[in-house]
Amino acid sequence: MSKNPLPKSRNTGMIAKLKILIVEDDAVLAKMAKELLAEAGCETSIVHTGRAGIELASEKKFDLFALDIGLPDMTGFDLCRDLKQRHLSHRTPVVFISGQPSDEHKQRGLELGAADFISKPFDVAKFVPRLLSHVKTNSVAPLKSAI
């Protein structure tokens, strides 16, 4: 019997879909991440710029933000800082997904409040469990990160 990583709704006992915002300018990578998360039962939104990420995060509540560092209009660090200052998203976990895995970038991301830093290319089998390990719910414990 496989365990579903999604939390059960407190009122209905139904599985609640986790809502994840991916801000990634690489359309192929974003689509692959969305498909992997959809297989896990997540509702995923994709945008390709920081500004679009800010706008969508202002309109809709998300359970997790997955941010690229190298966005066309701003850095993922600037986007993280902005999201962490917003009332509705200041407690939402942020995970950086980047092809720039320097220790300096990792440290900067963590200092801004990011929960994790996943380097590209990433292990497809470990991607979803690692992302979802940072989603905190009242009804289930987070997954343990395999990495």
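Residues numbered from 1 in each chain as written. Predicted model: local features only at pLDDT ≥ 70, side-chain atom pairs only at ≥ 80, totals over all residues. Heavy atoms only, no water.

Things to note about the pattern of salt bridges
In total, this model carries seven salt bridges according to the counting rule given. Here glutamate 24 and lysine 120 are joined by a salt bridge, their closest N and O atoms 3.1 Å apart. With a gap of 96 residues between them, glutamate 24 in the loop between strand E1 (19-23) and helix H1 (27-39) and lysine 120 in the loop between strand E5 (116-119) and helix H5 (124-132) connect regions that are remote in the sequence. For lysine 120, a relative accessible area of 23% corresponds to the partly exposed category. (Salt bridge = Lys/Arg side-chain N within 4 Å of Asp/Glu carboxyl O. Helix = DSSP H or I, 4+ residues; strand = E, 2+ residues; numbered from the N terminus. Buried < 20%, exposed > 50% of the residue type's maximum accessible area, 1.4 Å probe, protein only.)

Here we look at empty space enclosed by the protein
Overall, the coordinates contain one cavity of 30 Å³ or more when judged by the stated rule. Of the pockets and cavities examined, the largest cavity occupies roughly 60 Å³. What lines the largest cavity is Ile22, Val23, Glu24, Leu29, Ala30, Ala33, Ala66, Leu67, Asp68, Ile97, Phe122 and Phe127. If you list the elements that add at least two residues to the lining of the largest cavity, you get E1, H1 and strand E3 (64-67). Looking at the lining of the largest cavity, the element that brings in the most residues is H1, giving three residues. Along the lines of polarity and charge, the residues of the lining of the largest cavity split into 10 nonpolar, no polar and two charged. (1 Å grid on protein atoms, 1.4 Å probe; cavity = no way out; pocket = protein on both sides within 12 Å on 5 of 7 lines; lining within 4 Å. Points joined across faces, edges and corners; volume = space filled by probe spheres on them. Nonpolar A, V, L, I, M, F, W, Y, C, P; charged D, E, K, R; others polar.)

Description of the sheet that holds strand E4 (residues 94-98)
Pairing in this open sheet of five strands is parallel, and the strands run E2-E1-E3-E4-E5 from one edge to the other. What marks the edges here is a single partner per strand, and that holds for strand E2 (43-47) and E5. Neighbour to neighbour, the strand axes of the sheet diverge by 20° on average, direction disregarded. Where E3 and E4 come together, three bridges link them in parallel fashion. Paired with alanine 66 across the strands is valine 95, a residue of E4. (Pairing = 2+ DSSP bridges. Axes fitted to C-alpha atoms, helices over the stretch in contact; angles between N-to-C directions.)

Side note on the nonpolar core
Residues Leu21, Val23, Phe65, Leu67, Leu79, Val94 and Phe96 are the most contacted members of the largest nonpolar core, which totals 21 residues. Listing elements by their share of this core, those giving two or more residues are E1, helix H2 (50-59), E3, helix H3 (76-85) and E4. Sorting elements by how many residues they give to this core places H3 first, with four residues. In contact with leucine 79, other than residues within four places in its own chain, are Val23, Gly50, Ile54, Leu67, Leu71 and Met74. (Core = buried A, V, L, I, M, F, W, Y, C linked by side-chain atoms within 4.5 Å. Contact = heavy atoms within 4.5 Å.)

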